[in-house]
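What the coordinates show
Each chain, written out:
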Amino acid sequence: MHHDANHLPAGFRALLGDRRWAALVGSGVRRDHRAGEYLLRQNDRGGHLFALISGRVKVLAGLDGSQVLLSLRGAGDLVGEMAARRNSRRMASVQALDACTSCVLKRAEFDRFLHDHGAHGLLSDYLVGKLSETVPYQVQQFHFGPLQRVARLCFEVHSLADARQPDRARIPFSQEALAQALGMARSTVAEQIAVLRSSGALGPGPRLVVDDEHALAAQAGAVPPS
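Residues numbered from 1 in each chain as written. Predicted model: local features only at pLDDT ≥ 70, side-chain atom pairs only at ≥ 80, totals over all residues. Heavy atoms only, no water.

What follows covers the overall build of the protein chain. Broken down by element type, the protein chain carries nine helices and eight strands. Against the globule reference of 17 Å for 226 residues, the protein chain gives a C-alpha radius of gyration of 17 Å, in line with a compact fold. The buried share among the 226 residues of the protein chain stands at 47%. In the protein chain, the proportion of contacts linking residues at least 24 apart, taken out of those at least 6 apart, comes to 70%. Just so you have it, the protein chain exposes about 10800 Å², and 52% of that area is on carbon and sulfur atoms. Treating the 27 positive side-chain charges of the protein chain as one cloud and the 22 negative ones as another, the clouds have centres 6 Å apart. (Helix = DSSP H or I, 4+ residues; strand = E, 2+ residues; numbered from the N terminus. Rg over C-alpha atoms; globule rule 2.2 N^0.38 Å. Buried < 20%, exposed > 50% of the residue type's maximum accessible area, 1.4 Å probe, protein only. Contact = heavy atoms within 4.5 Å. Areas by Shrake-Rupley, 256 points an atom, 1.4 Å probe, with all protein chains shown as cover. Lys, Arg positive; Asp, Glu negative; His and termini not counted. Charge placed at Lys NZ, Arg CZ, Asp CG, Glu CD.)

Written out as structure tokens, the structure is:
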């Protein structure tokens, strides 16, 4: 789930290359999504998938009456690819974190693209890379301390933002949403946010805004942007 902070093509686009990615998004129907909109809902029937052209989404699974964060995806990624066949069921929901543009592809259209462009092996590589994201995000980060867990989530959300996005420094999560995603008490998250602000990684104010990418990367234990 870690993306290059230099905003090079990510996800399935990185595997395909720009020419084949352009062919892929040209073979479906473009759709705009507002922030907070659900692209897919858990347990709905399959039959299609989305190629994300711009924007960020979160992948959620309903467990014990609540939704937990499985992963984050951004431009260049696929969503709904695990249950794209008509008789399959969605294993998770996908919700837009900010305004997104996607290409909707029916399974037959996607299969035709894979055949025509010799991309079946690339899809297999992509799916293998996503298998680790089938467990809750809080489980993926279990071996990190509270500060690093909060910093890593903020860093990964920020890294997925398009460089041309005017408010790309904003983290579109409330402290309550961060707490739920990480399986932490809200008071604990608030304490870690205060540390990140005092270090200069996040700016002051009611919203979560990245003020220093290098400081945030250091707290996250991630590769800083160049």
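Once you've had a look at it, read on.
A few words now on the pattern of salt bridges. Applying the stated criterion across every chain, the model contains nine salt bridges. For Arg-34, the salt bridge identified is with Glu-37, shortest N-O distance 3.7 Å. Look at Glu-37 and you get buried, because its relative accessible area is 18%. (Salt bridge = Lys/Arg side-chain N within 4 Å of Asp/Glu carboxyl O.)

Every buried residue of helix H9 (residues 213–220) is accounted for by Ala-215, Leu-216, Ala-217 and Ala-220. Summarising the contacts, the buried residues of H9 are in contact with helix H6 (146–159) and helix H8 (186–198). At the N-terminal end of H9, a side-chain oxygen is found 3.0 Å from the backbone nitrogen of His-214, two or three residues along, and the residue is Asp-212. (Polar contact = N/O pair within 3.5 Å; in protein donor to acceptor, adjacent residues only side chain to side chain.)

It is worth spelling out the sheet that holds strand E2 (residues 38–40) at this point. Strands sit in the order E2-E7-E4-E5 across an open sheet of four strands; the sheet is antiparallel. With partners counted over all chains shown, the strands left at the sheet margins are E2 and strand E5 (66–74), one partner each. Pairwise comparison of adjacent strand axes, ignoring direction, gives a mean angle of 30° for this sheet. Here E2 runs beside strand E7 (residues 93–96); their pairing, made up of two bridges, is antiparallel. Looking across to E7, one finds that Leu-40 is bridged to Val-94. Lying on the sheet, H6 is in contact with strand E4 (56–63) and E5; it crosses E5 at an angle near 45°. (Pairing = 2+ DSSP bridges. Axes fitted to C-alpha atoms, helices over the stretch in contact; angles between N-to-C directions.)

We now examine unusual backbone geometry. Positive phi outside glycine occurs at Asn-43, with the angle close to 80°. Structurally, Asn-43 can be placed in the loop between E2 and strand E3 (48–54).

Let us look at the packing of helix H7 (residues 175–182) against H8. As a packed pair, H7 and H8 sit with axes 9 Å apart at the nearest point and diverge in direction by 115°. Judged by the inter-axis angle, H7 sits roughly perpendicular to H8. Crossing geometry of H7 relative to H8 is assigned as right-handed. Residues Gln-175, Glu-176, Leu-178 and Ala-179 of H7 touch H8, and the partners they reach there are Arg-186, Val-189, Ala-190, Ile-193 and Arg-197. Looking at side-chain class alone, the contact of H7 with H8 contains five nonpolar, one polar and three charged residues. (Parallel < 35°, antiparallel > 145°, perpendicular 65-115°, else oblique. Left-handed = near helix turned anticlockwise from the far one by under 90°. Nonpolar A, V, L, I, M, F, W, Y, C, P; charged D, E, K, R; others polar.)

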